[in-house]
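One-letter residues, chain by chain:
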Amino acid sequence: MIELKQMISLRLVESDRTSIQAVASRLFVRESDIYRLAINYLLSQFSCLLDETSTGSDLLLAMCEIRAELNHTLGLKKHQLEKIINGNNLHPDKYVAMSDIELLLMPQHLLKQHLIKVYDKPKNKLNLEDWLKEYIAEKYNLVINRI
């Protein structure tokens with residue numbers, strides 16, 4: 001089966017475009033190959049968003065992976081993120097509390113303070129992102145896939 005390809009338009013800041021060109025050059029591939037790689041990577045990382053049955057807590061660990069981008073790049077607000085996570089959720093056991101959704105948008109220093117309050121002391125061996133994943137996994141009985 002032959003898939004038709006579509007041409008798209010994309011706006012990038014010059015520094016991003018320069019970086020993409022540098023990566024393509026270093027890998028000896030075309031710039032368009034890097035764009036396709038980036039899109040395929042994003043789609044594989046967030047395949048849970050393509051699955052309508054993934055709702056509530058099913059989405060939390062994937063959202064942790066892009067925590068920094070949720071606010072900075074995508075500009076999501078807590079109510080938008082709550083709608084994404086809980087919007088189609090029909091299972092009360094998968095419901096995610098707004099306070100946990102807010103953790104995904106919290107600056108690092110506030111997130112660290114919150115986790116210290118929850119655990120009474122910092123977990124020295126974990127970086128902040130892993131500590132957040134561990135907290136969410138424990139609270140919502142999720143399994144963290146470690147590679």
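From a predicted model like this one, the values you see are computed outputs, not experimental measurements.

S.K.: How do you make sense of the overall build of the protein when you look at a structure like this?
M.R.: Secondary structure assignment for the protein yields nine helices and zero strands. Ordered by position from the N terminus, the helices and strands of the protein form the series α-α-α-α-α-α-α-α-α. Principal axes of the C-alpha set define a box for the protein whose edges measure 50 × 35 × 30 Å. Counting every position in the protein, which comprises 147 residues, the buried fraction comes to 29%. Pairs at least 24 residues apart make up 45% of the contacts formed inside the protein by residues separated by at least 6 positions. For the protein, the computed accessible surface area is about 11100 Å², with 56% contributed by carbon and sulfur atoms. The positive charge centre, built from 19 side chains, and the negative charge centre, built from 19, are 4 Å apart in the protein.

S.K.: Explanation requested: the confidence of the model for the protein in the structure shown.
M.R.: In low-pLDDT segments, the atomic positions of the prediction should not be examined closely. Summing up the model confidence of the protein, the mean pLDDT is 89 and the portion of residues at 70 or higher is 95%. Within the protein, helix α5 (residues 67-72) has the poorest average pLDDT of any element, 82, and helix α1 (residues 14-27) the best, 97.

S.K.: Sorry if this is basic, but what is going on with the nonpolar core here?
M.R.: One recurring pattern in soluble globular proteins: nonpolar side chains tend to sit buried together. Ranked by internal contacts, the top residues of the largest apolar core, which has 27 residues, are Leu 70, Leu 81, Ile 85, Leu 104, Leu 132 and Ile 136. For this core, the element with the most residues is helix α9 (residues 128-140), which contributes six residues. Those residues in contact with Ile 136 that lie beyond four places of it in its chain are Leu 60, Leu 61, Cys 64, Leu 104, Asn 141 and Leu 142.

S.K.: Honestly, the pattern of salt bridges in this entry has me stumped. Any pointers?
M.R.: Pairing of side chains with opposite charge becomes possible as their charged atoms draw close. With the rule as written, the count across this model stands at nine salt bridges. In this structure, Arg 67 engages Glu 129 in a salt bridge whose closest nitrogen and oxygen atoms are separated by 3.0 Å. Taken together, the positions of Arg 67 in helix α5 and Glu 129 in helix α9 put the pair 62 residues apart, joining distant regions of the chain. Glu 129 sits in the partly exposed class, given a relative accessible area of 24%. Where salt bridges share partners, they join Arg 30, Asp 33 and Arg 36 into one cluster.

S.K.: So what exactly am I meant to see when it comes to α9 here?
M.R.: In an α-helix, one turn spans 3.6 residues, which is why side chains three or four residues apart end up on the same side. For α9, which comprises 13 residues, the first-to-last C-alpha distance of 18 Å matches the rise-based estimate of 18 Å (1.5 Å per residue) to within 8%. Residues Leu 128, Trp 131, Leu 132, Lys 133, Glu 134, Tyr 135, Ile 136, Ala 137 and Tyr 140 constitute the buried set of α9. Where α9 is buried, its residues contact α4 (60-65), α5, α7 (98-105) and α8 (108-119). In this structure Asn 127 caps α9, since a side-chain oxygen of it lies 3.0 Å from the backbone nitrogen of Glu 129.

The rules behind each value
Counting starts from 1 at the beginning of each chain's written sequence and moves along it residue by residue. Where totals are concerned, whole chains, interfaces and linings use all residues; where local detail is concerned, this predicted model gives features only for residues with pLDDT of at least 70, and gives and counts side-chain atom pairs only at 80 or more. The side-chain numbers reported here are obtained from all heavy atoms of the structure, hydrogens and water having been left aside. In this text, helices come from DSSP runs of H or I with a minimum length of four residues, and strands from runs of E with a minimum of two, each type numbered from the N-terminal end. Burial here depends on accessible area, computed with a 1.4 Å probe over protein chains only, as a share of the maximum for the residue type. Under 20% is buried, over 50% is exposed, and the range in between is partly exposed. By definition in these notes, contact holds between two residues if any of their heavy atoms fall within 4.5 Å. Each accessible area is a Shrake-Rupley result for a 1.4 Å probe, and residues are judged covered by the shown protein chains and nothing else. Counting rule applied: Lys, Arg positive; Asp, Glu negative; His and chain ends not counted. Charge positions come from single atoms, namely NZ of Lys, CZ of Arg, CG of Asp or CD of Glu. A residue's pLDDT is the predictor's confidence in that residue, given on a scale from 0 to 100. What is meant by a nonpolar core is a set of buried Ala, Val, Leu, Ile, Met, Phe, Trp, Tyr and Cys residues, joined one to another through side-chain atoms within 4.5 Å. Any carboxyl oxygen of Asp or Glu that lies within 4 Å of a side-chain nitrogen of Lys or Arg is treated as forming a salt bridge with it. Between the first and last residue of a helix there are one fewer steps than residues, each counted as 1.5 Å, and that sum is the expected span. Under the rule applied, a polar contact is a pair of N or O atoms within 3.5 Å (in protein, one hydrogen donor and one hydrogen acceptor; residues adjacent in sequence only if both atoms are side-chain atoms).

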